[in-house]
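One-letter residues, chain by chain:
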Amino acid sequence: MVNAIKGVFISCDIPMAQYIINMNASVPASDKFIIHILDSTHMFVQPQVEQMIRSQIAKFREDNTYVKPN
Amino acid sequence: MPEVRIIAKNFMDMVASMPAMKLDKLYENGFICEAILRSLPPLGKKYVLQLLHIDVPVAAKLLEEWVLPDGYTKHRVAIDRLVQLRVFVEAVDRKNDKTYKLNPTFQKSLQQLLVHGGTLPREPMPSNITVRLPNLEDLEAYALQQWECFLLQLISSSLVEKPSNISSSLMKVFQRRLLSQRDKEAPKLTESGFQFLLMETNAQLWYIIREYISNSEERGVDAADLISFMLELSFHVIGEAYNINSLTDFQRSIIRDLADLGLVKLQQGRKESWFIPTKLATNLSVSLADSSSRKEGFVVVETNFRVYAYSTSRLHCEILRLFSKVEYQLPNLIVGAITKESLYNAFENGITAEQIISFLQQNAHPRVADRTPTVPENVTDQIRLWESDLNRVEMTEAYYYDEFPSRDVFEGACDTAREWNGLLWEDSKKMHMVVKTGVHTYVREYLRSQK
């Protein structure tokens, strides 16, 4: 019988994919959210982590931004 | 990525969406027929003129023979447009072939127009009565000023010193999709509102007029009469004075609103009062792609991301504030810089990079307008890069399928998903696939039918 899992499909570039995988590895075992890693630019994760991933990526982006002190 | 939700459709799309009886009434007016004729694609114009004096239905196959084989798509586009506007009446003859005939009301009006020439129902007034007639430049400046005042008031009534006479209920109609109001907070621009501000004047004008016409039905005014009056107005001569008494009562009530928008200028002499159509009015029947009415640009963008706007208008200052950091405001110059923060702000408000870039290009100062490219490439590229940086990850709600019993079932499910445009990813070796949530029900039905 065909099995269907509900979740979120993520499509991104390779560096971002690695970042998400790293995020997954640093999270305790009960919170791991990646269900399947499909290939180097796609993966399938649990449905409720969408917002968390977005905010983590935004934080990562801001950490790497230099703002000239006024 | 937010989509452009504001589409400025021109009059013709509005006309096309009217019911058949109203359309026939509209076609009794020769000017409307002329305006519609002008708006048709070139093949459409040719077909109308060729069928103008033919009273019997013409077979569709005959029309197709007029076109070379590689022009077939243009032919189809023209025919669809003509049928949509009900200029062409489709019928089926005895041999069950499709035939076309010109709409009889349209045909009669256009024939009359060709034979007698178009005469407006009113003549310009003699110059001895119309003193103080503004010259064309003053008229254009007036129209621009009224339009800007209206736009400023649309965005925020606190920015305007002299509010126009447009009733607040009408303003609310215009603001309906552009502003969002939460109680106790000041109204804030919505995504559509931002995109609206960055559009060209013509496109903005049509959006407002379209809202005005759609709202007219609610106010008890007949949309067909309104459209016919506006199209008639667009055939008047700019700068000529026309007596207000030549308007019907209905038209007189409309003309006041149009004066507030800047489409006409009202003036009063000793005994008579008259209205003068401005460029904005005659632009009503012009197609969206026609860029002959380009007003002078005012923005210079330099390679160091600084923006210099030679303008005194508050509206321009507000628009620039949308996506750049305005640093100084001098008597005739606004100085600002495009920074990452200001752009991120704009992107969060729903403006796309393309809109910002096309705004800068369209409003380029004449000094830099001749340079190619008008806006330096490093600036445009960086704006696009910053936008794509915000969208590095794409997330879609989906279902993951595995453990298919056989390859045929897998292929069939893939095809079903592909038909509904929902197949996101598949692996034929392992027989797994990912399908969008919206399409999941269809695939599930297919799988159930396979058992």
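About the criteria used
Chains are numbered independently. Their residues run from 1 in the order of the written sequence. Chains and ligands are labelled sequentially in the order written, the chains with letters from A and the ligands with numbers from 1. Reporting in this predicted model follows two pLDDT cut-offs: at least 70 for local features of residues, and 80 or more for side-chain atom pairs to be given and counted; totals over whole chains, interfaces and linings ignore these cut-offs and use all residues. Processing note: side-chain calculations cover all non-hydrogen atoms of the structure and skip hydrogens and water entirely. UniProt positions are given in the numbering used here, feature names are shortened, and annotations may be inferred rather than shown by experiment. Labels follow the DSSP assignment, with helices taken as runs of H or I lasting at least four residues and strands as runs of E lasting at least two, numbered in each case from the N terminus. Relative accessibility under 20% of the residue-type maximum defines a buried residue, over 50% an exposed one, and the middle range a partly exposed one, all with a 1.4 Å probe and only protein chains included. The criterion used for residue contact is that any of the two residues' heavy atoms lie within 4.5 Å. Surface exposure here means Shrake-Rupley accessible area, sampled with a 1.4 Å probe, where a residue is shielded only by the protein chains that are shown. Buried area is a sum: the accessible area each of two parts loses on coming together, probed at 1.4 Å, counted once for each and added. A pairing counts as a salt bridge when a side-chain nitrogen of Lys or Arg comes within 4 Å of a carboxyl oxygen of Asp or Glu. Two strands make a pair as long as DSSP finds a minimum of two bridges between them. Where helices are involved, their axes are fitted lines through C-alpha atoms of the stretch in contact, as for all axes, and angles between N-to-C directions lie from 0 to 180°. For this analysis, a nonpolar core means a set of buried residues of the types Ala, Val, Leu, Ile, Met, Phe, Trp, Tyr and Cys, connected via side-chain atoms within 4.5 Å. Using a grid of 1 Å spacing that covers the protein atoms alone, one calls a set of points a cavity when a 1.4 Å probe fits there but cannot get out, and a pocket when the set is open and has protein on both sides within 12 Å along at least five of seven lines; lining residues are those with an atom within 4 Å of a point. Grid points are joined across faces, edges and corners, and a volume is the space filled by probe spheres set on the points. Side-chain classes follow a simple rule in which Ala, Val, Leu, Ile, Met, Phe, Trp, Tyr, Cys and Pro form the nonpolar group, Asp, Glu, Lys and Arg form the charged group, and the remainder, Gly included, forms the polar group. Aromatic contacts are taken between Phe, Tyr and Trp rings whose centres are within 6.5 Å, Trp giving its six-membered ring; a plane angle under 30 degrees counts as stacked, one over 60 as edge-to-face, and the others as tilted.

- The name an unreviewed UniProt entry gives chain A is General transcription and DNA repair factor IIH subunit TFB5, with Arachis duranensis as the organism.
- The UniProt entry for chain A carries the following text under Function (unreviewed entry): "In NER, TFIIH acts by opening DNA around the lesion to allow the excision of the damaged oligonucleotide and its replacement by a new DNA fragment. In transcription, TFIIH has an essential role in transcription initiation. When the pre-initiation complex (PIC) has been established, TFIIH is required for promoter opening and promoter escape."

### A few points about the overall build of chain A
Point 1. Looking only at helices and strands, one finds 2 helices and 3 strands in chain A.
Point 2. Within chain A, buried positions represent 33% of all 70 residues.
Point 3. Within chain A, contacts between residues at least 6 apart in sequence are counted, and of these 57% link residues at least 24 apart.
Point 4. Roughly 4,300 Å² of accessible area belongs to chain A as shown, and the carbon and sulfur atoms make up 54% of that amount.

### Digging into the overall build of chain B
Point 1. Helices and strands together make up the secondary structure of chain B, namely 21 helices and 15 strands.
Point 2. Taking contacts inside chain B between residues at least 6 apart in sequence as the whole, the part at least 24 apart equals 66%.
Point 3. Accessible area for chain B stands at about 23,500 Å²; split by element, carbon and sulfur atoms hold 50% of it.

### Some details on the interface of chain A and chain B
Point 1. Each partner contributes residues to the interface: chain A has 27 residues there, and chain B has 26 residues.
Point 2. With both chains or domains summed, chain A and chain B bury close to 2,400 Å², and 59% of this area falls on carbon and sulfur atoms.
Point 3. Of all residues in chain A, A:Val2, A:Phe9 and A:Arg61 give up the largest surface area on contact with chain B, accounting jointly for 26% of the area buried on that side.
Point 4. The tally of links from chain A across to chain B stands at 1 salt bridge.
Point 5. Ionic pairing is found between B:Arg392 and A:Asp13, a salt bridge with its closest N-O pair at 3.1 Å.

### Digging into the sheet that holds strand 10 (residues 306-309) of chain B
Residue and element names in this part refer to chain B.
Point 1. Within the open sheet, the 4 strands sit side by side as 9-10-12-11. Their pairing is antiparallel. Two strands bound the open sheet, and with one partner strand each, they are strand 9 (299-301) and strand 11 (325-329). Recorded for the sheet is a direction-independent mean angle of 20 degrees between the axes of neighbouring strands.
Point 2. Relative to strand 12 (residues 334-337), strand 11 runs antiparallel, the two being bridged by 4 bridges. Looking across to strand 12, one finds that Lys 325 is bridged to Ala 337.

### Some thoughts on the nonpolar core
Point 1. B:Val87, B:Phe88, B:Phe323 and B:Ile356 are the most contacted members of the largest nonpolar core, which totals 108 residues.
Point 2. The greatest single-element share of this core, amounting to 8 residues, is contributed by helix 12 (residues 223-233) of chain B.
Point 3. Apart from the residues within four sequence positions on either side, B:Ile356 is in contact with B:Leu198, B:Phe323, B:Leu343, B:Ala346, B:Phe347, B:Ile351 and B:Ile383.
Point 4. Residues A:Cys12, A:Met43, A:Ile57 and B:Met395 belong to the second largest nonpolar core, which totals 16 residues.

### A short note on the pattern of salt bridges
All names here are of chain B.
Point 1. For the coordinates displayed, the defined rule picks out 11 salt bridges over all chains.
Point 2. Between Arg 384 and Glu 354 there is a salt bridge; the shortest N-O distance is 2.7 Å. Taken together, the residues Arg 384 in helix 19 (residues 377-390) and Glu 354 in helix 17 (residues 353-362) connect sequence positions 30 residues apart.
Point 3. One salt bridge in this structure joins Asp 415 and Arg 418, with 3.1 Å as the shortest N-O distance. Of the two residues, Asp 415 and Arg 418 both sit in helix 20 (residues 407-419), 3 residues apart, roughly one turn of that helix.
Point 4. For Asp 415, a relative accessible area of 37% translates into the label partly exposed.
Point 5. Salt bridges linked by common partners bring Asp 415, Arg 418 and Glu 426 together as one network.

### So, the environment of B:Trp420
All names here are of chain B.
Point 1. Take Trp 420: it is sitting in the loop between helix 20 and strand 14 (423-427).
Point 2. Placed 22 residues apart in sequence, Trp 420 and Tyr 442 show a C-alpha to C-alpha distance of 8.3 Å.
Point 3. Setting aside residues up to four positions removed in sequence, Trp 420 forms contacts with Val 439 and Tyr 442.

### Some details on empty space enclosed by the protein
All names here are of chain B.
Point 1. This model, assessed by the stated rule, comprises 2 cavities of 30 Å³ or more.
Point 2. By volume, the largest cavity is sized at about 60 Å³.
Point 3. Mapped onto the lining of the largest cavity, the elements with two or more residues apiece are helix 8 (136-155) and helix 10 (191-198).
Point 4. Grouping the amino acids of the lining of the largest cavity by side-chain chemistry returns 8 nonpolar, 2 polar and no charged.

### Quick notes on the environment of B:Arg321
Point 1. Examined against the element boundaries, B:Arg321 turns out to sit in helix 15 (residues 314-323).
Point 2. With residues near it in sequence (within four places) discarded, B:Arg321 still touches B:Val326 and B:Gln329.

### So, the sheet that holds strand 14 of chain B
Point 1. If you walk across this open sheet you meet the 6 strands as 2(A)-3(A)-1(A)-13(B)-15(B)-14(B), and the pairing is antiparallel. In this open sheet, the two strands that pair with only one neighbour each are strand 2 (34-39) of chain A together with strand 14 of chain B. Taken pair by pair, the neighbouring strands of this sheet meet at an average axis angle of 30 degrees, ignoring direction.
Point 2. The sheet contact formed by strand 1 (residues 3-11) of chain A and strand 13 (residues 394-402) of chain B spans 9 bridges and is antiparallel. By the bridge assignment, A:Ala4 is partnered in strand 13 of chain B with B:Tyr401.
Point 3. Relative to strand 2 of chain A, helix 1 (residues 14-25) of chain A is tilted by about 155 degrees, and along the sheet it contacts strand 1, strand 2 and strand 3 (42-45) of chain A.

### Some points on the packing of aromatic side chains
Residue and element names in this part refer to chain B.
Point 1. A complete count under the given rule lists 10 aromatic pairs over all chains for this structure.
Point 2. For the ring pair Phe 404 and Phe 410, a centre distance of 5.1 Å and an interplane angle of 75 degrees mean the geometry is edge-to-face. For the pair Phe 404 and Phe 410, one class covers both residues: buried.
Point 3. Consider the rings of Trp 420 and Tyr 442, whose centres lie 3.8 Å apart with planes at 0 degrees: the pair is stacked. Here Trp 420 is found in the loop between helix 20 and strand 14, whereas its partner Tyr 442 is found in helix 21 (residues 440-450), with 22 residues between them in sequence.
Point 4. Classification of Trp 420 by relative accessible area gives partly exposed; the value is 43%.

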